[in-house]
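Single-letter residue listing:
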Amino acid sequence: MLNVPKALLETRVKKETLHRSGKRLLLEIAGALELSPEAYDIRSNKGGDGVMGEVTLHSDHLYLMVHVGMGSELKVLYRTCKGRKDYSGGMNHFIGVPELASITASERFLAKLKQMTSLGIREANHQAA
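Here is what the cut-offs are and how they apply
Residues numbered from 1 in each chain as written. Predicted model: local features only at pLDDT ≥ 70, side-chain atom pairs only at ≥ 80, totals over all residues. Heavy atoms only, no water. Helix = DSSP H or I, 4+ residues; strand = E, 2+ residues; numbered from the N terminus. 1 Å grid on protein atoms, 1.4 Å probe; cavity = no way out; pocket = protein on both sides within 12 Å on 5 of 7 lines; lining within 4 Å. Points joined across faces, edges and corners; volume = space filled by probe spheres on them. Nonpolar A, V, L, I, M, F, W, Y, C, P; charged D, E, K, R; others polar. Buried < 20%, exposed > 50% of the residue type's maximum accessible area, 1.4 Å probe, protein only. Polar contact = N/O pair within 3.5 Å; in protein donor to acceptor, adjacent residues only side chain to side chain. Contact = heavy atoms within 4.5 Å. Pairing = 2+ DSSP bridges. Axes fitted to C-alpha atoms, helices over the stretch in contact; angles between N-to-C directions. Salt bridge = Lys/Arg side-chain N within 4 Å of Asp/Glu carboxyl O.

Asks: Looking at this structure, how should I read the environment of Ala-111?
Replies: Residue placement: Ala-111 occurs in helix α2 (residues 103-128). C-alpha separation for the pair Ala-111 and Lys-46, spaced 65 residues apart in sequence, amounts to 29 Å.

Asks: Hey, could you run me through unusual backbone geometry in this one?
Replies: The phi torsion of most residues other than glycine is negative, and most of the peptide bonds are trans. Phi is positive for Glu-34, close to 60°, though the residue is something other than glycine. The residue Glu-34 is located in the loop between α1 (15-32) and β1 (40-45) in this model.

Asks: Sorry if this is basic, but what is going on with the layout of surface pockets here?
Replies: Rolled over the atoms, a probe as big as a water molecule pinpoints where empty space is left. What the largest pocket holds in volume is close to 240 Å³. Residue lining of the largest pocket: Leu-8, Glu-10, Thr-11, Arg-12, Val-13, Met-52, Val-68, Ser-72, Glu-73, Leu-74 and Pro-98, and that is the complete set. In the lining of the largest pocket, the residues fall into six nonpolar, two polar and three charged.

Asks: Sorry if this is basic, but what is going on with the side chain of Ser-106 here?
Replies: For Ser-106, the location among the structural elements is in helix α2. Look at Ser-106 and you get buried, because its relative accessible area is 0%. A polar contact of 3.5 Å, which involves the side chain of Ser-106, links it to the backbone nitrogen of Leu-2. If we ignore the near neighbours within four places in the chain, the residues touching Ser-106 are Met-1, Leu-2 and Leu-100.

Asks: What exactly am I supposed to notice about the sheet that holds strand β5 (residues 93-96) here?
Replies: Backbone hydrogen bonds are what pair the strands of a sheet, in a parallel or an antiparallel way. An order of β1-β2-β3-β4-β5 is seen for the five strands of this open sheet, with the pairing classed as antiparallel. With partners counted over all chains shown, the strands left at the sheet margins are β1 and β5, one partner each. Across the sheet, the mean angle separating the axes of adjacent strands is 20° when strand polarity is ignored. One ladder, built from five bridges, connects strand β2 (residues 54-59) with strand β3 (residues 62-68); its direction is antiparallel. Bridge pairing links His-58 to Tyr-63 in β3. Packing of α1 onto the sheet brings it into contact with β1, β2, β3 and β4 (74-80), and relative to β2 it is tilted by some 25°.

Asks: Could you clarify how one ought to interpret the pairing of β3 in this entry?
Replies: Within a regular strand, side chains alternate between the sheet's two faces. By the criterion of burial, β3 is predominantly enclosed, with six of the seven residues buried. What sits between the antiparallel neighbours β2 and β3 is a turn of two residues. Relative to β4, β3 runs antiparallel, the two sharing seven bridges. Its bridge partner lying in β4, His-67 is registered against Lys-75. Once β3 ends, the chain turns through five residues before running back antiparallel as β4, passing Gly-71 with a positive phi of about 75°.

Asks: I would appreciate a short explanation of the pattern of salt bridges in the present structure.
Replies: Side chains carrying opposite charge are able to pair once their charged atoms draw close together. As enumerated under the stated definition, the model contains four salt bridges in all. Of the charged contacts, one joins Arg-84 and Asp-41 as a salt bridge, the two residues approaching to 3.3 Å between their closest N and O atoms. In this pair, Arg-84 sits in the loop between β4 and β5 while Asp-41 sits in strand β1, placing the two residues 43 residues apart along the sequence. Taking the relative accessible area as the measure of exposure, Asp-41 reaches 32% and is therefore partly exposed. The partner of Glu-73 in a salt bridge is Lys-75, with the nearest N and O atoms 3.5 Å apart. With a relative accessible area of 30%, Glu-73 lands in the partly exposed category. Residues joined by salt bridges that share partners form a network here, namely Asp-41, Asp-60 and Arg-84.

Honestly, that's just the spatial picture; any functional story needs more than this.
The structure is reproduced here in structure tokens:
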């Protein structure tokens, strides 16, 4: 189960809260996936006035981004990627941050991310061969 920061479950989240607590959530996900610190980067793009920006975890095979989606709901965008220079990657998937507070939903989400990571590793090994 993920420990979703309570600040991300509030109805209205401020920009600083999104970036501070979004980073904590992504670190929690990285830990649950047993990613070593050198296996991923976490970036924060605060954007300008009038936008919330986003917080991104980018590994060699996964790209995750915490951001404000349609209707001002906090979401996690996740997809496969082929290296840390791949910013478009595979098909986009989304899950609402409030959903991750559920044990069942967070376990399913982590299982999906593990499956996507192992698929990316297999594809990379196949291309190298």
